[in-house]
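Remarks on the overall topology
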Amino acid sequence: MTRALDNERILRVVASFFRYVMFSHAWQGNEPSFPDVNAAKSIWNLPGTPLNEKLRNFCREVHKLGYNWAWSDTCCIDKTTSSILNRSLTSMYKWYADSAATLVYLAGVTHPSKLGDLSRSLWMTRAWTLQELLSPKVILFYDSEWRPYLSDTGANHKESPKIMQELADAIQIHRGTIVTFSPEDLGVREKLRLASTRNATVEEDVAYSLIGIFKSDIRPLYGEGADALGHLLEEIVARSGEVAVLAWSGKSSSYNSCLPASVSVY
């Protein structure tokens, strides 16, 4: 009995030590990369550019919150190795879902922030940030000066009725769905509607950013262009039998004329 309790206590301490925090933000240009940090040996040795400072401020905030591990998509993925990149893209939803917290940096939201700034932010238009909003259990929003959004100093902004209602009104789903989202909570057509207002710098990311939300098995292959969306939609129809995916009006895909060229039609 004592040994079992000791093992449980050890597991609890280890699990607590290795809790990690994810970074969510809109990329602003030449963000620090894996090779950059690897060469510098530490983020603290990187040049004093605004984007390097953004990364350092994220790490400072993680430490202030009491966590030991911080993860940023800019520099924690070796994008020069395709197998690592592809595995990372397909795992991203789970990484955010399993995080101790996700910190969202709103570069264009000035301090002091006011209600409506979040829903009008660039962050709300990006493809990858949809899953970064929905999947975490704990999320914290920060303005351009790394101050809590709306001066809300709570431990989890998913517990803020004001912030969640702003988001719910912006994307037109029930705020409870944002708070406790799982891929089973919404139908195929509704997920596509949520994705339809978002965009990505790289064409394939429109599809790849939805892998977790749709629990898809497609494998990323940069260079396939618009075919990435075709692969995703084809798999959704085959797996779910959801023929509403085929109800659209607009330009057809070169991948399959039954499918749209853009998710914006939904």
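As recorded by an unreviewed UniProt entry, the protein chain carries the name Heterokaryon incompatibility domain-containing protein and is attributed to Pisolithus microcarpus 441.

Re the pairing of strand S3 (residues 101-105)
With five of its five residues buried, S3 lies for the most part within the structure. Neither face of S3 is left uncovered, since the one carrying Ala101, Leu103 and Tyr105 and the one carrying Thr102 and Val104 both have all their residues buried. Where strand S1 (residues 20-25) lies against S3, five bridges are found, and the strand directions are parallel. The partner of serine 24 across the bridge, within S3, is valine 104. Note: S3 against strand S4 (residues 139-142), four bridges, orientation parallel. Across the sheet, leucine 103 pairs through a bridge with leucine 140, a residue of S4. Each parallel crossover has a hand, and for S3 linked through helix H5 (residues 129-134) to S4 it is right-handed.

A word on a nonpolar patch on the surface
The grouping of Ile10, Val14, Phe17, Phe18 and Trp69 at the surface amounts to a nonpolar patch, some 490 Å² of accessible area in total. In terms of residue count, the dominant contributor to the nonpolar patch is helix H1 (residues 2-17) (three residues).

Describing the sheet that holds strand S2 (residues 69-71)
Spatially, S2-S1-S3-S4 is the arrangement adopted by the four strands of the open sheet, whose pairing is parallel. Of all the strands in the sheet, just S2 and S4 have a single pairing partner and so form its edges. Here the strands of the sheet are splayed against their neighbours by 25° on average, with no regard to which way each runs. Along the sheet, helix H4 (residues 82-97) contacts S1, S2 and S3; its crossing angle with S1, the most-contacted strand, is approximately 120°.

Observations concerning the pairing of S1
With respect to burial, S1 is a largely interior element, five of its six residues being buried. Where S1 lies against S2, three bridges are found, and the strand directions are parallel. In the sheet register, valine 21 faces S2, and the bridge partner there is alanine 70.

Conventions adopted
Residues numbered from 1 in each chain as written. Predicted model: local features only at pLDDT ≥ 70, side-chain atom pairs only at ≥ 80, totals over all residues. Heavy atoms only, no water. Buried < 20%, exposed > 50% of the residue type's maximum accessible area, 1.4 Å probe, protein only. Helix = DSSP H or I, 4+ residues; strand = E, 2+ residues; numbered from the N terminus. Pairing = 2+ DSSP bridges. Right-handed = clockwise from strand over helix to strand, strands pointing away. Patch = residues over 30% accessible without salt bridge, like charges linked within 9 Å, V, L, I, M, F, W, Y side chains within 5 Å. Areas by Shrake-Rupley, 256 points an atom, 1.4 Å probe, with all protein chains shown as cover. Salt bridge = Lys/Arg side-chain N within 4 Å of Asp/Glu carboxyl O. Axes fitted to C-alpha atoms, helices over the stretch in contact; angles between N-to-C directions. Contact = heavy atoms within 4.5 Å.

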